[in-house]
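So the chains spell out like this:
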Amino acid sequence: MRKAMIHPTLRSVLAAVCSLAMCATLAACGGSSSSDSSAKKSSSDSSKSSSSDSSSSSSTKMDQIAGITATGELGKKPSIKFKTPMTVQNNTYAVLQEGDGATIEKGDRVCAQGIAMNVKDGSELMSSWEKNTPDCSISLTDSNLEQIPPYTKIVGLKLNSTIAFGINDSNSSGTSYILAYTLISKSKDLTKAEGTPVADVPANLPKVTRAKNGKPSIDMNGQGSVNQMVTQTLIKGNGQELTNSSHAVVKYTGWLTNGTQFDSSWDKNTTFDADLSESGQIITGWKEGLKGQTVGSQVLLIIPPDKGYGDQASGSIPANSTLVFVIDILAAY
C-alpha cells in the first residue's frame, strides 16, 4: 500500500529502456497498466509519480515492422540486424525467432531477456543478457491484455521466441528504438495464499477468516492504535523469499482499527505490484512487513501512523490512523 496510491507502473519510456522493464515501456507506448492501492505513497510524501496520457484497448491495431531480423541459438542472446537509419512507430512488432518451448497462454507470467537498440544507428542502448536480469513483470492477465496491446502478440508464442517492439519516443531528443525480447520462462501466479497455517498466532491479535476464494474477513478482537509495527504470518508459503529488491504481487484488504474497510483488491478483482525497494512508492509499513515473507504466505500487518500516512489524511483514511492489512503474496519478481 502506498502512503497514497501509485502502482509501480508507468515510468517514462526512456527510464524503461534503462531498466528494460517491458511492462512500463509497452504500457507507455500502448496503454496503461496502473492500479490504485492504499499502500501507495501520497503525493505529499513523494515527488515521484507515474502516469500515462494514452488509453487503448485490445482492439488497437498492431502493424508489423519490416526489415528487421535476428539470428543465433534459440534461448540465447540474438544478433539483431536492420538497416539504419530506421523509423519505427508505437504499437508495431515483429516476431524475429520462433521458439521451441512451451506455448505461452493467457494468464501466464513471462520472464524475458531484453535488448534495446537505437534505430538511428543500430547501437545497443541496454541489454539484460550480460547480468542475467530478465524482466518478469510481464503478466498476461485479461486486464493487461486489454490495456497493453503489445502483450497480445506474446500470447500463443513459444518459449525461446524473440519478438521485437517499436518504440517511437516523443521526448525532446526524439529517441526511437527497438525492444527485442526473448521469452525464456513462464509461470502462473497464485490466486490466493497457499501454504501451512501458522498454529501459534497470538490470541490478542485480530481474528482473520477466509472465504472459499481466499478473500479475508476480520474481527478486530479489541485491536486499538499501536506505536510499534506488528507483523504476523498467518499462512506460511513455500515460495520465493521477498527482499528489498523484490516486487511482490499481492491481493490485500485494509481496515481501520474500528473495523471500517477502506480498500480491498479482492473487491476490485485486481492484484497490486508492491515495489519493496528503497525507491518503491509504497508505505514503510508494507516494505518492512513484507520483506522476508515468502510467496504463498498470508500476512497480517498492524501499522502505526509513522509507518503509514502519519499526520495526514489519505482518502477515507483519517490522519494519525493505525492501519490493519491482510495481504496474500501471490508471486514475486
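Residues numbered from 1 in each chain as written. Predicted model: local features only at pLDDT ≥ 70, side-chain atom pairs only at ≥ 80, totals over all residues. Heavy atoms only, no water.

Under an unreviewed UniProt entry, the name given to the protein is peptidylprolyl isomerase, and the organism recorded is Bifidobacterium callitrichos. Word for word, the UniProt comment on the protein under Sequence similarities (unreviewed entry) is "Belongs to the FKBP-type PPIase family." (UniProt positions renumbered as here; feature names shortened; annotations may be inferred.)

Peer 1: Explanation requested: the pattern of salt bridges in the structure shown.
Peer 2: If the charged atoms of two oppositely charged side chains come close together, the side chains can form a pair. Under the criterion given, the structure shown has 11 salt bridges. For Asp 63, the salt bridge goes to Lys 61, with nearest N and O atoms at 2.5 Å. Residue class for Asp 63 comes out partly exposed when judged on its relative accessible area of 37%. When the shortest N-O distance is used, the salt bridge between Lys 307 and Glu 288 registers 3.2 Å. Within this pair, whereas Lys 307 is found in the loop between strand 18 (298-303) and strand 19 (323-332), its partner Glu 288 is found in helix 5 (residues 284-290), the two being separated by 19 residues in sequence. What makes Glu 288 partly exposed here is its relative accessible area of 41%. It is possible to trace a salt-bridge network through shared partners that takes in Lys 77, Glu 124 and Glu 130. (Salt bridge = Lys/Arg side-chain N within 4 Å of Asp/Glu carboxyl O. Buried < 20%, exposed > 50% of the residue type's maximum accessible area, 1.4 Å probe, protein only. Helix = DSSP H or I, 4+ residues; strand = E, 2+ residues; numbered from the N terminus.)

Peer 1: Explain the packing of aromatic side chains here, please?
Peer 2: Geometrically, a pair of aromatic rings is defined through the distance of the ring centres and the angle of the planes. The tally for this structure, following the rule as stated, stands at 6 aromatic pairs. In this structure an aromatic cluster arises from ring pairing among Tyr 252, Phe 262, Phe 272, Trp 286 and Phe 325. (Phe/Tyr/Trp six-rings, centres within 6.5 Å; stacked < 30°, edge-to-face > 60°.)

Peer 1: Can you help me understand the state of the cysteines in this one?
Peer 2: Among covalent bonds in proteins, the disulfide is the one between the sulfur atoms of two cysteines. Applying the stated rule across the entire model yields 1 disulfide. Paired by a disulfide, Cys 111 and Cys 136 hold their sulfur atoms 2.0 Å apart. Across the disulfide from Cys 111 to Cys 136, rotation about the S-S bond amounts to roughly 115°, and the bridge is consequently right-handed. Of the two residues, Cys 111 sits in strand 6 (residues 108-118) while Cys 136 sits in strand 8 (residues 135-139), which places them 25 residues apart along the sequence. For Cys 111, a relative accessible area of 14% corresponds to the buried category. Taking relative accessible area as the criterion, Cys 136 reaches 15% and is therefore assigned buried. (Disulfide = S-S within 2.5 Å.)

Peer 1: Help me out: how do you make sense of the pairing of strand 7 (residues 124-127) in this one?
Peer 2: Across a regular strand the side chains alternate sides, sitting on one face of the sheet and then on the other. By the bridge criterion, 3 bridges tie strand 6 to strand 7 in an arrangement that is antiparallel. Looking at strand 7, one finds that Ala 116 is bridged to Met 126. Counting the residues between successive antiparallel strands, the hairpin from strand 6 to strand 7 contains 5 residues, one of them, Gly 122, with a positive phi of roughly 75°. (Pairing = 2+ DSSP bridges.)

Peer 1: Where do I start with the pairing of strand 3 (residues 68-71) in this structure?
Peer 2: Side-chain alternation along strand 3 places Ile 68 and Ala 70 on a buried face and Thr 69 and Thr 71 on a face that remains uncovered. Of the strand pairs in this sheet, strand 3 and strand 4 (residues 79-82) are connected by 4 bridges, and their pairing is antiparallel. Directly across from Ala 70, in strand 4, lies its bridge partner Ile 80.

Peer 1: Got a minute to help me understand unusual backbone geometry in this structure?
Peer 2: A negative phi holds for most residues other than glycine; trans holds for most peptide bonds. A cis amide bond links Thr 84 to the next residue, Pro 85, at an omega of -10°. Considering the arrangement of structural elements, one finds Pro 85 in the loop between strand 4 and strand 5 (92-97). Here Asn 320, not a glycine, exhibits a phi torsion of approximately 60°, which is positive. Along the chain, Asn 320 turns up in the loop between strand 18 and strand 19.

Peer 1: Would you mind going over the side chain of Ser 127 with me for this structure?
Peer 2: Structurally, Ser 127 is set in strand 7. For Ser 127, a relative accessible area of 13% gives the class buried. Here Glu 130 takes part through its side chain, which lies 2.7 Å from a polar atom of the side chain of Ser 127. (Polar contact = N/O pair within 3.5 Å; in protein donor to acceptor, adjacent residues only side chain to side chain.)

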